[in-house]
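Working through the structure, step by step
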Amino acid sequence: MQKKKLIQVKNLKKYFSIGNGQTLKAVDDVSFDIYQGETLGLVGESGCGKSTTGRTVIGLYQPTAGEIILDGQNVHKSSPADRRKLTSKMQMIFQDPYASLNPRMNVTEIISEGMALNGLYKNNRMKRVIELLEMVGLHKEHANRFPHEFSGGQRQRIGIARALAVNPDFIIADEPISALDVSVQAQVVNLMKNLQREQKLTYLFIAHDLAMVKHISDRIGVMYLGNLVEMTASEKLYESPKHPYTQALLSAIPMPDPDLEQNRERIILEGDVPSPVNPPSGCVFRTRCSVAKEVCAHVKPAWKEVAPSHFAACHLYE
Ligand code: SF4
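Small disclaimer: the values here were computed from a predicted structure and weren't measured.

Each helix and strand counted, the chain has ten helices and twelve strands in total. Here the C-alpha radius of gyration of the chain, 21 Å, is about what a compact globule of 318 residues would show, namely 20 Å. Considering only C-alpha atoms, the chain reaches an extent of 65 × 55 × 50 Å along its principal axes. Counting over 318 residues, the chain shows a buried share of 48%. Of the contacts made within the chain by residues no fewer than 6 positions apart, 62% connect residues no fewer than 24 positions apart. Carbon together with sulfur atoms contributes 49% to the accessible area of the chain, which is approximately 15,500 Å² in total. Treating the 38 positive side-chain charges of the chain as one cloud and the 34 negative ones as another, the clouds have centres 7 Å apart.

This paragraph deals with the sheet that holds strand β10 (residues 227-233). Taken in spatial order, the eight strands make up an open sheet running β6-β7-β8-β3-β9-β10-β12-β11, and their pairing is mixed. Each of the sheet's edge strands pairs with one partner strand only, and the pair in question is β6 (90-93) and β11 (303-307). Pairwise comparison of adjacent strand axes, ignoring direction, gives a mean angle of 20 degrees for this sheet. Across five bridges, strand β3 (residues 39-43) lies against strand β8 (residues 202-207) in parallel orientation. Considered in β8, the bridge of L42 is made with I206.

So, on to the packing of helix α3 (residues 107-117) against helix α4 (residues 125-135). It is at 10 Å that the axes of α3 and α4 come closest, and there the two elements cross at 115 degrees. By the angle between their axes, α3 is roughly perpendicular relative to α4. Of the two possible hands of crossing, α3 and α4 adopt the one that is right-handed. Of the residues in α4, those touching α3 at V107, T108, I111, S112, M115 and A116 are R125, M126, R128, V129, L132 and L133. Class assignment for the residues of the contact of α3 with α4 results in eight nonpolar, two polar and two charged.

The next subject is the side chain of K14. In this structure, K14 sits in strand β1 (residues 5-17). The side chain of K14 is buried and forms no salt bridge, while D28, the nearest opposite charge, is found at 12 Å. For K14, the side chain forms a polar contact with the main-chain oxygen of Q62, separated by 2.7 Å. When residues no more than four places from it in sequence are discounted, the contact partners of K14 are L24, K25, A26, V27, T52, T56, Y61, Q62, P63 and T64.

Here S275 shows up in the loop between α10 (258-263) and β11. Note: C-alpha distance between S275 and C48 (227 residues apart in sequence) is 9.8 Å. A distance of 2.9 Å separates a polar atom in the side chain of S275 from the backbone nitrogen of V277.

Right, let's get into the pattern of salt bridges. Per the stated rule, a full pass over the model turns up eight salt bridges. Put simply, D33 and K5 hold a salt bridge, and the shortest N to O gap is 3.4 Å. Residue D33 is located in strand β2 (residues 23-35), and its partner K5 is located in strand β1; the two are separated by 28 residues in the primary sequence. Overall, K5 belongs to the partly exposed group, its relative accessible area being 35%. Residue E45 is joined to R288 by a salt bridge in which the shortest nitrogen-to-oxygen separation is 3.4 Å.

As a further point, take the side chain of T52. By the element assignment, T52 lies in helix α1 (residues 50-57). Not counting residues within four places of it along the chain, the set of residues in contact with T52 comprises K14, F16, A26, V27 and Y61.

The rules we used
Residues numbered from 1 in each chain as written. Predicted model: local features only at pLDDT ≥ 70, side-chain atom pairs only at ≥ 80, totals over all residues. Heavy atoms only, no water. Helix = DSSP H or I, 4+ residues; strand = E, 2+ residues; numbered from the N terminus. Rg over C-alpha atoms; globule rule 2.2 N^0.38 Å. Buried < 20%, exposed > 50% of the residue type's maximum accessible area, 1.4 Å probe, protein only. Contact = heavy atoms within 4.5 Å. Areas by Shrake-Rupley, 256 points an atom, 1.4 Å probe, with all protein chains shown as cover. Lys, Arg positive; Asp, Glu negative; His and termini not counted. Charge placed at Lys NZ, Arg CZ, Asp CG, Glu CD. Pairing = 2+ DSSP bridges. Axes fitted to C-alpha atoms, helices over the stretch in contact; angles between N-to-C directions. Parallel < 35°, antiparallel > 145°, perpendicular 65-115°, else oblique. Left-handed = near helix turned anticlockwise from the far one by under 90°. Nonpolar A, V, L, I, M, F, W, Y, C, P; charged D, E, K, R; others polar. Salt bridge = Lys/Arg side-chain N within 4 Å of Asp/Glu carboxyl O. Polar contact = N/O pair within 3.5 Å; in protein donor to acceptor, adjacent residues only side chain to side chain.

Structure, rendered in structure tokens:
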């Protein structure tokens with residue numbers, strides 16, 4: 001059966017003007033689909049544009065160009081009333097659960113804010129708050145407490161309950177576990193997986209390294225300097241990465257098996273990520289790519305299917 005595309009991102013660009021006539025190309029012509037019920041992981045180093053992509057998709061930023069289609073409707077071309085309805089179907093979970101929760105609001109106020117804005121559960125909001133707290137592994141006794149009274153993991157659970165309060169179809173999780181202790185990360189990922197099954201949610205899960213998205217993503221997209229460089233099913237990406245940048249990222253992940261770990265060949269990326277204000281010509285990765293060819297300096301590699309359902313942008317596959 002054909003899977004339904006819940007989100008379609010088409011040729012998305014998000015540029016920021018930073019003065020002196022300069023433009024920062026945070027997201028530069030990115031296209032991808034997210035199928036209903038799946039988790040798409042989006043990975044890349046800091047500054048690669050993954051968070052800006054998420055924030056533009058959800059409407060926190062107006063795109064410079066491109067389209068975002070949610071369930072067949074163009075989000076940015078809808079009437080204000082339709083747009084409000086559409087965006088309530090998309091919610092976000094943030095990296096820093098403390099900074100994203102208003103310290104002066106108690107848990108009930110935080111969780112019910114979105115319901116009030118969308119006119120939901122008018123007569124039984126408190127019941128819904130308690131239901132949501134229990135869904136995320138907290139208790140009704142927590143309803144009157146304030147964010148500072150919780151641990152980082154519990155605060156992220158509150159952030160998840162707040163996102164779920166308006167019955168979204170699609171959740172963008174922007175580095176939701178990066179700020180948490182390693183021991184808590186797996187708990188939050190497992191909670192998100194269970195909620196996905198129970199609530200039939202679709203996720204865009206943003207992370208800065210491939211190890212973090214491994215256990216939750218069905219497919220993974222890798223970004224570098226505002227561009228998508230590779231995308232395929234998770235297991236294919238881990239087993240057979242095509243793009244030199246993905247190969248370098250994967251080589252940095254320690255292996256649990258000591259024999260494999262001993263033989264692990266690390267690809268060290270030379271230099272820093274170039275500035276998105278002045279990205280390299282041709283392939284944006286060429287200044288750090290150990291297998292770059294002459295053509296890489298002049299021609300931007302096309303996004304193409306390099307193996308079945310495996311896409312990459314690299315001249316090695318032309
Ligand atoms: Fe390296 Fe060229 Fe491929 Fe870019 S296009 S990743 S520079 S080989």
